[in-house]
Amino acid sequence: MTLSADDKWDDLWLNVHLATMQPGAGYGEVLDAAIAVKHGRIAWLGKRSDLPAGHAATRQHDGNGCWVTPGLIDCHTHIVYAGNRSDEFEARLNGVPYEEISRRGGGIVSTVKATRAASEDALFDASLPRVKALLAEGVTTLEVKSGYGLDTGTEAKMLRVARRLGEQLDVRVRTTFLGAHAVPPEFKTRTDEYLQLVCHDMLDTLVEAGLVDAVDAFCENIAFSREQTEQVFLAAQRHGLPVKLHAEQLSDQDGASLVAAFHGLSADHLEWLSPKGVHAMAQAGTVAVLLPGAFYTLRETRLPPVEALRAAGVPMAVSTDCNPGTSPMTSLLLTMNMACTLFRLTPQEALAGVTCHAARALGLAEETGTLSVGKSADFALWRIDRPGDLAYAIGFNPCAGVVFRGTLRG
């Protein structure tokens, strides 16, 4: 949508510097700039000195010298859940491995019990402060996974809460069905039977209710095999839904190659990613989603192959992985810092990882993720000296304001 210069804009932001985050253009810096909005879309942007003659706007805003970036995108979260797993955190610090905690009935299954027991309103109330913490740091788009229900009713409850959060908080929410997250206790010795429930009754019901934007699975030695994951992907394909995957977190199950074969949106975690998986992702255009919060919390030592991903041209997104067990984190700015310090991303790569590449990981590259004419007017204003500051400071939030679909959040 390109508007002619004589159209009157709804809003015009002046006295700002832009980091447009166009892929391949570094930060895409434009100093002493302006950005105009009409009907919730970016109508014009560029140097202030290049504003069209006779331009007019209903509302004009002084950006006070702030930097403007695309609204941040948290593209991998499990943020809707009930309960608390600080006891497992303590157990891990006392030397109990994550796999052993899971086998004892902890891990994902313990959150399943709490989430099943919570009412829909209680689940919403528990999730609300976590989402608000992200929004305060400039987030305008959020992915929310199910996977703590593992039955049709609770999975639907989680996804309804995710939709409700988006409606009430002015944030774009993409919902992901993660029924293949773990095997629930009632199916402990009947994994294949549970998988059939996921692929048919559960997915069919949730799709019919309009609650699913994408499908995910946990392909791992403590979860689902490559062959079982393929069944989930075939079910998603039957409904015309894109897929993504928790892949190569604890071992190499060749999940990245599988999700790439389905032209999946993303493969996430990737500490054990093989050269074969890197090549498959590069060929398919599948985004690598790096999750340093889980790496940090689990005290992992094996790094994802960032240099190989970089060399192959695989886009790298960065996300909080907000969840109660392995990444209880609600700061995307801290995640950016961790991606730089732990995984050796550059600050520019980290910012691309929460803007343009994160949008691509959600199938939203045409809608958001860069400052571009025609895209949704989602942007954040920052009291910083340069874009690299966003990945630099630890525990500091310089966000001065957030515009979502053209409207300044109150």
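Residues numbered from 1 in each chain as written. Predicted model: local features only at pLDDT ≥ 70, side-chain atom pairs only at ≥ 80, totals over all residues. Heavy atoms only, no water.

Asks: I'd like to hear about the packing of aromatic side chains, residue by residue, with values.
Replies: With the rule as written, the count across this model stands at 6 aromatic pairs. Relative to Tyr 148, the ring of Tyr 81 has its centre 6.4 Å away and its plane inclined at 80°; by these criteria the two rings are edge-to-face. Note that Tyr 81 is positioned in the loop between strand E5 (72-74) and helix H1 (86-93) and Tyr 148 in the loop between strand E6 (139-145) and helix H5 (152-169), a separation of 67 residues in sequence. Each of the two residues, Tyr 81 as well as Tyr 148, counts as buried. Seen in terms of ring centroids, Phe 233 and Phe 262 are 5.3 Å apart; in terms of plane orientation they differ by 70°. Their pairing is edge-to-face. Taken as a pair, Phe 233 in helix H7 (residues 226-238) and Phe 262 in the loop between helix H8 (255-261) and strand E10 (266-269) lie far apart in primary sequence, 29 residues in all. Sitting above the plane of the Tyr 81 ring, Arg 130 keeps its charged end 3.6 Å from the centroid. Directly above the aromatic system of Phe 124 lies the positively charged group of Arg 164, at a separation of 4.0 Å from the ring centroid. (Phe/Tyr/Trp six-rings, centres within 6.5 Å; stacked < 30°, edge-to-face > 60°. Helix = DSSP H or I, 4+ residues; strand = E, 2+ residues; numbered from the N terminus. Buried < 20%, exposed > 50% of the residue type's maximum accessible area, 1.4 Å probe, protein only. Lys NZ or Arg CZ within 6 Å of the ring centre and 35° of its normal.)

Asks: Could you give an account of the sheet that holds strand E15 (residues 407-408), with specific residues and numbers?
Replies: Whether parallel or antiparallel, the strands of a sheet pair through hydrogen bonds between backbone atoms. Pairing in this open sheet of 7 strands is mixed, and the strands run E3-E2-E1-E4-E13-E14-E15 from one edge to the other. Only two strands of the sheet have a single neighbouring strand rather than two, namely strand E3 (41-47) and E15. Relative to strand E4 (residues 57-70), strand E1 (residues 9-19) runs parallel, the two being bridged by 8 bridges. Looking across to E4, one finds that Leu 12 is bridged to Gln 60. (Pairing = 2+ DSSP bridges.)

Asks: Describe the pairing of E10, naming the residues involved and giving the relevant values.
Replies: Here strand E9 (residues 244-247) runs beside E10; their pairing, made up of 4 bridges, is parallel. Across the sheet, the residue bridging to His 246 is Asp 268, located in E10. Note that the unit made of E9, H8 and E10 has a crossover that is right-handed. Where E10 lies against strand E11 (residues 287-290), 3 bridges are found, and the strand directions are parallel. By the bridge assignment for E11, Ala 267 is matched with Ala 288. For the segment spanning E10, helix H9 (residues 275-284) and E11, crossover handedness is right-handed. (Right-handed = clockwise from strand over helix to strand, strands pointing away.)

Asks: Now, about the UniProt feature "binding site: 4-imidazolone-5-propanoate" (unreviewed entry) in the protein chain: what can you tell me, with residues and values included?
Replies: According to UniProt, the positions carrying the feature "binding site: 4-imidazolone-5-propanoate" (unreviewed entry) are Arg 85, Tyr 148, His 181, Gln 249 and Thr 326. For His 181, the position within the fold is in the loop between strand E7 (172-180) and helix H6 (191-208). We classify His 181 as buried; its relative accessible area is 4%. Residues within four places of His 181 in sequence aside, it is in contact with His 78, Ile 108, Gly 147, Tyr 148, Leu 150, Phe 218, Ala 223 and Phe 224. Tracing the chain through its elements places Gln 249 in the loop between E9 and H8. With relative accessibility at 6%, the residue Gln 249 sits in the buried group. (UniProt positions renumbered as here; feature names shortened; annotations may be inferred. Contact = heavy atoms within 4.5 Å.)

Asks: Which residues make up the domain arrangement of the protein chain, and what values do they have?
Replies: As far as domains go, the protein chain holds domain 1 (5-70 + 371-409) and domain 2 (72-362). Between the C-alpha centres of domain 1 and domain 2 there is a distance of 31 Å. Contact with domain 1, which involves 25 residues of that partner, is made by 23 residues of domain 2. Here domain 1 meets domain 2 over a buried area of about 1900 Å², counting both sides, of which 63% is carbon and sulfur. On the domain 1 side of the interface with domain 2, the three residues burying the most area are Met 21, Ala 391 and Arg 409, jointly 29% of the side's total. Between the two partners, domain 1 and domain 2, sit 1 salt bridge. Here domain 1 is connected to domain 2 by 11 residue pairs in polar contact (both at pLDDT 80 or more). Secondary-structure elements contributing two or more residues to the side of domain 1 that touches domain 2 are E4, strand E13 (379-382) and strand E14 (399-404). Top contributing element to the side of domain 1 that touches domain 2 by residue count: E14, with 4 residues. (Domains from an automatic or database assignment. Buried area = accessible area lost by both parts, 1.4 Å probe. Salt bridge = Lys/Arg side-chain N within 4 Å of Asp/Glu carboxyl O. Polar contact = N/O pair within 3.5 Å; in protein donor to acceptor, adjacent residues only side chain to side chain.)

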